[in-house]
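Listed below are the residues making up each chain.
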Amino acid sequence: MTSNIKNLSLFHRPLRLRRTPSLRRMVRETQLTLNDLIYPMFVMEGINQQEEIPSMPGIYRYSLDLLLKEIADVANLGINAMALFPLISKEKKDNAGTESYNSDGLVQRTVRAIKQEIPEITVITDVALDPFSIYGHDGIVEDGKILNDETVEVLVKQAVSQAEAGADIVAPSDMMDGRVGAIRRGLDAAGYFDVGILAYSAKYASAYYGPFRDALESAPQFGDKQTYQMDPANSREAIKEVALDITEGADMVMVKPALAYLDIIGRIKKYTNLPVAAYNVSGEYAMVKAAAQQGWIDEKQVILETLTSMKRAGADLILTYFAKQVALMFQ
Ligand code: PBG
């Protein structure tokens, strides 16, 4: 089509900087790297066992021997850090999560083995009772309620036993009040000054955790988690939680989930100078995988775009089940 308009006399033409790949690379504001990623991994009892989690295609629960192989693989691919979650057999579960601080428990044995065989990878352990609770709740239950202060006492024992096993960082994901301070004091009293705390500070009561609860067989047996996890409608309250955790001694803070909470990540990044982590949770993973399996989206592009959006929002670190896939893409 011919046009009489030869020149709009535009002074500013943003398209100039998008013309070639090298120009686009020059002005790119956010860079996703493997250093930003933490790989959540699932361990279970047994030897030479691996089970794919049906709602998380490509993600497995491994027995310890196979987990060690997988960790060696991902460390070779350039992944720096992993977060460990255990599948605990039913007969070891009780109301107070006592198995959580068994010095010979699954998590403790796994951490010792990782630190012996692949010492270079940073090991982050989960502090919470739900995988160990007959009720699938993050705290001790009495008359249908969660007992905050009694739970915190158990969480301290759990964190100390993880530190004793060699965890680099403990990550309380339970949302009990005062647990970060109590864990810090407990670790210090036991001599573990160097073990850091990654606090799940702004953790929302989210429907995006469904596939994770399948993986650990840890779905709540009654009610939901709304009396301790945050209301998805709240933003200022996230600042309150982060402020408390910083005062109590958190080394890093987290927002969880990530994708539906990018505004919270942005807000917290402005609020604190601590590293901010975001958890790209199981339901976010499952949605991308499901759509990709249908051929409805370009999986690789969507993964990179999604993780980049979290960094752009302000996340310094991202826990993501896509970590290995991204590492393979970056090879
Ligand atoms: C529980 C915990 C959950 C996740 C991490 N730790 C689930 C929950 O709070 O019920 C979810 C992670 C995910 O969905 O990927 N302490």
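A quick note: this is a predicted structure, and the numbers were derived from the prediction, not measured.

Definitions and cut-offs
- Residues numbered from 1 in each chain as written.
- Predicted model: local features only at pLDDT ≥ 70, side-chain atom pairs only at ≥ 80, totals over all residues.
- Heavy atoms only, no water.
- Helix = DSSP H or I, 4+ residues; strand = E, 2+ residues; numbered from the N terminus.
- Contact = heavy atoms within 4.5 Å.
- Core = buried A, V, L, I, M, F, W, Y, C linked by side-chain atoms within 4.5 Å.
- Buried < 20%, exposed > 50% of the residue type's maximum accessible area, 1.4 Å probe, protein only.
- Salt bridge = Lys/Arg side-chain N within 4 Å of Asp/Glu carboxyl O.
- Phe/Tyr/Trp six-rings, centres within 6.5 Å; stacked < 30°, edge-to-face > 60°.
- Near = heavy atom within 4 Å.
- Polar contact = N/O pair within 3.5 Å; in protein donor to acceptor, adjacent residues only side chain to side chain.
- Areas by Shrake-Rupley, 256 points an atom, 1.4 Å probe, with all protein chains shown as cover.
- Nonpolar A, V, L, I, M, F, W, Y, C, P; charged D, E, K, R; others polar.

*Asks:* Teacher, can you tell me more about the environment of Leu 198 here?
*Replies:* By the secondary structure assignment, Leu 198 is in strand 9 (residues 196-203). Sequence separation between Leu 198 and Val 180 is 18 residues; the distance between their C-alpha atoms is 9.1 Å. Residue contacts for Leu 198: discarding those within four places in its chain leaves Ile 124, Ile 169, Val 170, Ala 171, Pro 172, Met 252, Val 253, Met 254 and Ala 277.

*Asks:* Any chance you could explain the nonpolar core here in plain terms?
*Replies:* For soluble globular proteins, the rule of thumb is that nonpolar side chains tend to be buried together. Judged by nonpolar contacts, the single largest core of 107 residues is most densely connected at Phe 42, Ile 268 and Tyr 279. In this view, Ile 268 contacts Ala 202, Ala 238, Ile 239, Val 242, Val 253, Val 255 and Val 276; residues no more than four positions away in its chain are not counted.

*Asks:* Got a minute to help me understand the pattern of salt bridges in this structure?
*Replies:* Note on pairing: side chains with opposite charge can pair once their charged atoms come close. Taken as a whole and assessed by the stated rule, the structure comprises 15 salt bridges. Residues Arg 112 and Asp 104 are paired through a salt bridge, measuring 3.5 Å at the closest nitrogen-oxygen approach. Note on Asp 104: relative accessible area 47%, which makes it partly exposed. Note that Lys 115 is salt-bridged to Asp 168, the shortest N-O span being 2.8 Å. Placement of Lys 115 in helix 3 (residues 106-117) and of Asp 168 in the loop between helix 4 (148-165) and strand 8 (169-172) is noted, with a sequence separation of 53 residues between them. Each of Glu 45, Lys 92 and Arg 109 takes part in one network of salt bridges that share partners.

*Asks:* Can you walk me through the packing of aromatic side chains in this structure?
*Replies:* Under the defined criterion, the tally for this structure stands at 11 aromatic pairs. For the ring pair Phe 42 and Tyr 321, a centre distance of 6.0 Å and an interplane angle of 20° mean the geometry is stacked. Taken as a pair, Phe 42 in strand 1 (residues 37-44) and Tyr 321 in the loop between strand 12 (317-320) and helix 11 (323-329) lie far apart in primary sequence, 279 residues in all. Across this residue pair, the class does not change: Phe 42 and Tyr 321 are buried. With a centroid separation of 6.2 Å and an interplanar angle of 50°, the aromatic rings of Tyr 200 and Tyr 279 are classed as tilted. Here Tyr 200 is found in strand 9, whereas its partner Tyr 279 is found in strand 11 (residues 276-280), with 79 residues between them in sequence. Overall, the relative accessible area of 2% leaves Tyr 200 in the buried class.

*Asks:* I tried to follow the site of the ligand on my own but got confused; where do I start?
*Replies:* In the vicinity of the ligand, 16 residues are found, and the nearest of them are Lys 203, Arg 213, Lys 256, Ser 282 and Tyr 321. Between a nitrogen atom of the ligand and a side-chain N or O atom of Ser 173, the distance comes to 2.7 Å. Within the side chain of Arg 213, an N or O atom sits 2.7 Å from an oxygen atom of the ligand. Coverage of the ligand by the protein amounts to 100% of the 400 Å² it exposes when considered alone. Taken together, the residues that form the shell around the ligand break down as 7 nonpolar, 3 polar and 6 charged.

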